[in-house]
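This is what each chain is made of:
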Amino acid sequence: LEALSQVEEDVGSLVNTLRGKLRLLLPLEFFNRLISELICDFADRYPQIELCCSHYSGLMPGDTDNADLIFVLHESPLPASDWITRSLLSFPQSIYAAKQRDLAAIRTPADLARHPCILGADEHQWLFRDGDQLQAVPVCGRIVLSSPEMRLEAAAHNLGLIKLPDYLCHHSQVGEQLKPVPLSHAPQAQQLSVLYQSRSVPLKVRLFLEFFQSHLGRLS
């Protein structure tokens, strides 16, 4: 009992001590400049914490064993896991095309199936909001690019249509060469969620979550 009590005390001390390495996993090219500013501000405020930030492509990272926080961008519910999920923010999305592209034949989401699209990795359909329902539209194209910035460039070269959050186009010089495609239904908004392993998170994780949430307005 004394040994167990000591273990409990040691664990409690570790959880509530402001020190150690904080490992973050972020989606590829997600607000890189603003996230860098947030991380630098956090590092200045808490010099006892070591920060290790890595990026991944696709819906979820492959290796999550050592991560403290995983930030995920998604449109559909995330797959079941042992991680706790907290929704943080949603980003409106649109379909974009090069300004010189003729869009006369595109009126509904279903029309997109007949036009070349520029896709992300493992992307085969786009989701659209139809009232309380989601409409899945199959899409295809000869160009698959995991990087959102590369998809922007390909669309500006009139190689196909893209679906991206509005903030990516509005904050990019390349986005000035694109125009939104007017459709009867808007694409499903993209959700930003954060995943962590336990409700009893260490102090360093709680502080970063609170800091990040207090600055979410800078992302929207």
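It should be emphasised that the depicted structure is a prediction, and the values quoted were computed from it without experimental measurement. (Residues numbered from 1 in each chain as written. Predicted model: local features only at pLDDT ≥ 70, side-chain atom pairs only at ≥ 80, totals over all residues. Heavy atoms only, no water.)

Some details on helix α2 (residues 32-45)
- Compared with an ideal rise of 1.5 Å per residue, which puts 14 residues at 20 Å, α2 spans 20 Å between its outermost C-alpha atoms and is within 8% of the ideal.
- Residues of α2 that are buried include every one of Leu34, Ile35, Leu38, Ile39 and Phe42, and no others. For α2, the angular spread of buried residues about the axis comes to 135°, placing them on one side. Every exposed residue of α2 that faces more than 90 degrees away from the buried side is listed here: Arg33 and Asp44. (Helix = DSSP H or I, 4+ residues; strand = E, 2+ residues; numbered from the N terminus. Expected span 1.5 Å × (residues − 1). Buried < 20%, exposed > 50% of the residue type's maximum accessible area, 1.4 Å probe, protein only. Arc of directions from axis to C-beta.)

A closer look at the sheet that holds strand β12 (residues 190-196)
- Read across the sheet, five strands follow the order β2-β1-β3-β12-β4 without closing on themselves; strand pairing throughout is mixed. Each having just a single partner strand, β2 (49-56) and β4 (84-91) make up the two edges of the open sheet. With direction set aside, neighbouring strand axes in the sheet form an average angle of 20°.
- Across seven bridges, β4 lies against β12 in antiparallel orientation. Looking at the pairing, Phe91 lines up with Gln190 of β12.
- In the packing of α2 onto the sheet, contacts are made with β1 (20-27) and β2, and the angle to β2 comes to roughly 165°.
- Against the sheet, helix α5 (residues 203-214) contacts β1, β2, β3 (69-74), β4 and β12, and its axis sits at roughly 40° relative to β1. (Pairing = 2+ DSSP bridges. Axes fitted to C-alpha atoms, helices over the stretch in contact; angles between N-to-C directions. Contact = heavy atoms within 4.5 Å.)

Notes on the nonpolar core
- In terms of nonpolar packing, the biggest core is built from 47 residues, with Phe30, Ile35, Leu69, Phe71, Leu192, Phe212 and Leu219 touching the most fellow members.
- Here this core takes seven residues from α5, the largest share from any one element.
- Setting aside anything within four residues of it in sequence, one finds Leu192 in contact with Phe30, Phe71, Val72, Leu73, Arg86, Ser87, Leu88, Leu89, Phe91, Phe212 and Leu219.
- Ile95, Leu119, Val139 and Val181 belong to the second largest nonpolar core, which has 13 residues in total. (Core = buried A, V, L, I, M, F, W, Y, C linked by side-chain atoms within 4.5 Å.)

Some words on the pattern of salt bridges
- Overall, the coordinates contain three salt bridges when judged by the stated rule.
- For the salt bridge of Glu75 with Lys163, the shortest nitrogen-to-oxygen distance reads 2.5 Å. Taken together, the residues span a long stretch of sequence, with Glu75 in the loop between β3 and β4 and Lys163 in strand β10 (residues 162-165) at a distance of 88 residues.
- Using a relative accessible area of 18% as the deciding quantity, one classes Glu75 as buried.
- Asp111 is paired through a salt bridge with Arg114; the nearest N and O atoms lie 2.7 Å apart. (Salt bridge = Lys/Arg side-chain N within 4 Å of Asp/Glu carboxyl O.)

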